[in-house]
Amino acid sequence: MTVTYAEKLARMPGYQAGVPTGQAPEAIAAGGIAQLASNESPRSPHPKVVEAIARAASSMNRYPDPDATLLRRRLADRYDSQPGNIAVGNGSCDLLLAAASALCEPGDEILYAWPSFSMYPYLPALTGAREVRVPLGEGDALDLDAMATEATAATQLLIVCNPNNPTATHHPATEIGAFLEKVPAHVTVILDEAYIEFQTNDDPDASLDLTADFPNLVVLRTFSKCYGLAGLRVGYAIGSSNFRAAVDTVRQPFSVNALAQAAGAEAILHQDDVLARVEATVAERIRVQEGVTELGLAVSESQANFSWIDLGDSDEAAVLAGLSAADIAVRAGAPLGDPGHIRVSYGTAEEDDRFLTALAPLLS
Ligand SMILES: *Cc1c(COP(=O)(O)O)cnc(C)c1O
């Protein structure tokens, strides 16, 4: 007899690392690799956040606060919400997984656009729910009308990634509101706003106002991108108290570690720093989008911290190999669902220059 594993393992997509694994991040940077494959921030966390992590470090003999009381209270203050409506997770991916296990039985439906975030296909694989993928519309933007139409009596979870990863497009909150009017009230809609701070169409908090009108709406956000805390793993969801209770029931009590709680609680206080980070990102966005366009390539309209580039006649594998030889890591389009594309995160100005310079001679 040999050990057998659950049949669902065969359905799991698996994660491909953005850069070769086994090296510490500082070694990757010191080795001159431009890490533009994971939509991280090129900037370190705010110094006060680093101090808060250091302060918390000496109490690591204790378990973290299972209620993440301080972090949830600070988030509630920042967003004019109630701590009871806020769930926190070990990254927002933790909350996506918990939402699927709390909401879905085999045979239910989970609906999302495609290409979209590479994490979503885990949710049907894990729960036995049926996956419904809705193709993107014009300009590689979400086709919200088609998504609303696909929702059925069996749909338990509908995920809207806005701005969408990997295509970087964004729909203003008014369009999200009109979409929510069309979605049946039994469907939990997760609005995944990992990149919301970077968009300039809207007040970044406009979507949160929709939670008052739509109790089935959950707004999902993270400290991983704009706040520069990807390594710590902390994200949050603002929705109903029932949603919060449900995701807490299916997870272990200590899903957010004490360092992450301390960091998040401090980071949320520094909104001036968020604005500075967004400004720097938007400056790089304009440069990279223009630079790529000047090379004769098409890009979708980015409202995020990365560009989605159509390589046209150029060979994706050859471009990736050429960039890799120049120590520049970007994301391949094929595994993301659209061959002939690459996704590149904005780095420092120096890294973005390196990317544009290296890309030019690789195009055919
Ligand atoms: C990066 C990203 C996240 C963030 O995941 P964390 O687990 O919070 O690091 C969530 N959703 C999307 C679409 C992302 O691209």
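Small disclaimer: the values here were computed from a predicted structure and weren't measured. (Residues numbered from 1 in each chain as written. Predicted model: local features only at pLDDT ≥ 70, side-chain atom pairs only at ≥ 80, totals over all residues. Heavy atoms only, no water.)

Engineer: Mind showing me how you'd approach the overall build of the protein here?
Structural biologist: Across its full length, the protein holds 13 helices and 13 strands. Its C-alpha atoms give the protein a radius of gyration of 20 Å, within 12% of the compact-globule value 21 Å for 364 residues. Over its C-alpha atoms, taken along the principal directions, the protein stretches across nearly 60 × 55 × 50 Å. Every one of the 364 residues in the protein was classed for burial, and the buried ones make up 51%. Restricting the contact set of the protein to residue pairs at least 6 apart, pairs at least 24 apart contribute 72%. If you sum the accessible surface of the protein, you get close to 16100 Å²; carbon and sulfur atoms cover 53% of it. Where the 24 positive side-chain charges of the protein centre and where its 47 negative ones centre are 9 Å apart. (Helix = DSSP H or I, 4+ residues; strand = E, 2+ residues; numbered from the N terminus. Rg over C-alpha atoms; globule rule 2.2 N^0.38 Å. Buried < 20%, exposed > 50% of the residue type's maximum accessible area, 1.4 Å probe, protein only. Contact = heavy atoms within 4.5 Å. Areas by Shrake-Rupley, 256 points an atom, 1.4 Å probe, with all protein chains shown as cover. Lys, Arg positive; Asp, Glu negative; His and termini not counted. Charge placed at Lys NZ, Arg CZ, Asp CG, Glu CD.)

Engineer: Sorry if this is basic, but what is going on with the nonpolar core here?
Structural biologist: As a rule of thumb, soluble globular proteins bury nonpolar side chains together. One finds Met147, Leu158, Val160, Phe179 and Phe223 to be the most contacted residues of the largest nonpolar core, which totals 55 residues. When residues of this core are assigned to domains, at least three map to each of domain 1 (21-45 + 271-362) and domain 2 (47-267). Beyond its immediate stretch of four places on either side in the chain, Phe223 contacts Leu71, Leu75, Gly228, Leu229, Ala230, Val234, Gly235, Tyr236, Gly264, Ala267 and Ile268. The next biggest cluster of nonpolar side chains, apart from the first, holds 27 residues, and it includes Trp114, Ile190, Val218 and Leu220. (Core = buried A, V, L, I, M, F, W, Y, C linked by side-chain atoms within 4.5 Å. Domains from an automatic or database assignment.)

Engineer: When you look at the site of the ligand in this model, what are you seeing that I'm missing?
Structural biologist: Taken together, 13 residues are adjacent to the ligand, and Tyr195, Thr222, Ser224, Lys225 and Arg233 come closest. Separating an oxygen atom of the ligand from a side-chain N or O atom of Tyr195 is a distance of 2.6 Å. For the ligand, whose unbound accessible area comes to 380 Å², protein coverage reaches 94%. (Near = heavy atom within 4 Å. Polar contact = N/O pair within 3.5 Å; in protein donor to acceptor, adjacent residues only side chain to side chain.)

Engineer: Would you take a moment to explain the domain arrangement of the protein for this structure?
Structural biologist: Many authors give the size of an interface as the accessible area that is lost as the parts come together. Per the domain assignment, the segments making up the protein are domain 1 (21-45 + 271-362) and domain 2 (47-267). Placing the centre of domain 1 and that of domain 2 at their C-alpha centroids yields a distance of 25 Å. Each partner contributes to the interface: domain 1 provides 26 residues, whereas domain 2 provides 29 residues. Between domain 1 and domain 2 the total buried area reaches about 2200 Å² when both faces are included, carbon and sulfur atoms providing 59% of it. Together, Pro45, Gln271 and Gln303 form the three largest contributors to the area buried by domain 1 at its contact with domain 2, with a combined 30%. Linking domain 1 with domain 2 are zero salt bridges, by the criterion used here. The interface formed by domain 1 and domain 2 includes eleven residue pairs in polar contact (both at pLDDT 80 or more). At the level of elements, α11 (271-294), β10 (306-310) and β13 (341-345) are the ones that each hand at least two residues to the side of domain 1 that touches domain 2. The element best represented in the side of domain 1 that touches domain 2 is α11, accounting for seven residues. (Buried area = accessible area lost by both parts, 1.4 Å probe. Salt bridge = Lys/Arg side-chain N within 4 Å of Asp/Glu carboxyl O.)

Engineer: How should the state of the cysteines be read in this particular structure?
Structural biologist: Throughout this description, disulfide means a covalent bond between two cysteine sulfur atoms. Per the counting criterion, the structure on display carries zero disulfides. Looking at the unpaired Cys104, the closest cysteine sulfur is the one in Cys93, lying at 16 Å. By relative accessible area, which is 8% here, Cys104 ends up buried. In this model Cys226 remains outside any disulfide bridge; the closest cysteine sulfur is found in Cys161, 16 Å from its own. With a relative accessible area of 2%, Cys226 lands in the buried category. (Disulfide = S-S within 2.5 Å.)

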